[in-house]
Amino acid sequence: MAYIIKKKSGGCCLQCGSALSGRKGKKFCSLECKNSYHNQINHEIRLYRGAVMKKLARNTEILTSLINDGRDSAKMDELLGLGFDPYYLTSCSKSTTGHDLCCCFDFCFIRTRTRIFNLRRKSFK
Ligand SMILES: [Zn+2]
């Protein structure tokens, strides 16, 4: 007669912290804990992505406003005062002159520590 001896995995449920038993590598004590854990992570990811999209949307509004006012440059202090966040962009690379060439969706500009300039909107025609 063979007996299957279940060894304790020694770990704790990642969701509720209760001691785990059963197969090696088990992470959750139940399906409910597994689902709660992943739902919580996915909720936090959605919140983070929503916050990033909100910052990108605000940056786009500010850049649109500058273009509509006929401007192609602004001091960083002014932009920060309006809620612009220079770290939330859709791309950033070095220009041939060594400047930071940044884009926020279809708006592109050169960014220095104190200002942005050469602001333009990509043309799709
Ligand atoms: Zn659990």
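My aim in this report is to walk through the structure given alongside it, one point at a time. (Residues numbered from 1 in each chain as written. Predicted model: local features only at pLDDT ≥ 70, side-chain atom pairs only at ≥ 80, totals over all residues. Heavy atoms only, no water.)

## Let's talk about the coordination of the zinc ion
Filter applied, for reference: Think of the donor list as every N, O and S atom within 2.8 Å of the metal, or within 3.2 Å for Na, K and Ca; water never makes the list, so a site can look incomplete. The geometry test gives tetrahedral to four donors whose angles all lie between 85 and 135 degrees, gives square planar to four donors and octahedral to six donors whose opposite members are over 155 degrees apart with all other angles between 65 and 115, and gives irregular to the rest. Throughout this description, buried means an accessible area under 20% of the type-specific maximum (1.4 Å probe, protein chains only), exposed means over 50%, and partly exposed covers the range between.
Summarising the metal site, the zinc ion is bound by the protein donors Cys13 (SG), Cys16 (SG), Cys29 (SG) and Cys33 (SG), whose distances to it range over 2.3 Å. Here the zinc ion binds four donor atoms, and the angle range of 105 to 116 degrees at the metal identifies the geometry as tetrahedral. When its relative accessible area of 46% is taken as the criterion, Cys16 is described as partly exposed.

## Some thoughts on the state of the cysteines
In protein structure, a disulfide is the covalent linkage between the sulfur atoms of two cysteines. Quick reminder of the rule: Cysteine sulfur pairs qualify as disulfides if the two atoms are within 2.5 Å.
For the structure shown, the criterion picks out one disulfide. Disulfide partner of Cys103: Cys108, at an S-S distance of 2.3 Å. On the sign convention where negative is left-handed, the bridge of Cys103 and Cys108, at about 100 degrees about the S-S bond, is right-handed. The structure places no disulfide on Cys12, whose sulfur is separated from the nearest cysteine sulfur, that of Cys13, by 8.6 Å.

## Section: the pattern of salt bridges
Definition in use: The salt bridge criterion pairs a side-chain nitrogen of Lys or Arg with a carboxyl oxygen of Asp or Glu, the two atoms within 4 Å. The helix count covers DSSP runs of H or I at least four residues long, the strand count covers runs of E at least two residues long, and both are numbered beginning at the N terminus.
Evaluation of the coordinates by the stated rule reveals six salt bridges. With a shortest N-O distance of 3.5 Å, Arg111 and Asp100 are connected by a salt bridge. Of this pair, Arg111 sits in strand S6 (residues 107–111) while Asp100 sits in strand S5 (residues 100–104), and the two are eleven residues apart along the sequence. Arg111 gets classed as buried once you look at its relative accessible area, which sits at 17%. Between Arg121 and Asp106 there is a salt bridge whose closest N-O contact spans 2.6 Å. Here the residue Arg121 occupies a position in strand S7 (residues 115–121), and Asp106 occupies one in the loop between S5 and S6, the gap between them amounting to 15 residues. Note on Asp106: relative accessible area 16%, which makes it buried. Overlapping salt bridges bring together Lys94, Asp100 and Arg111 as one network.

Function-wise, these values are silent; they only describe arrangement.
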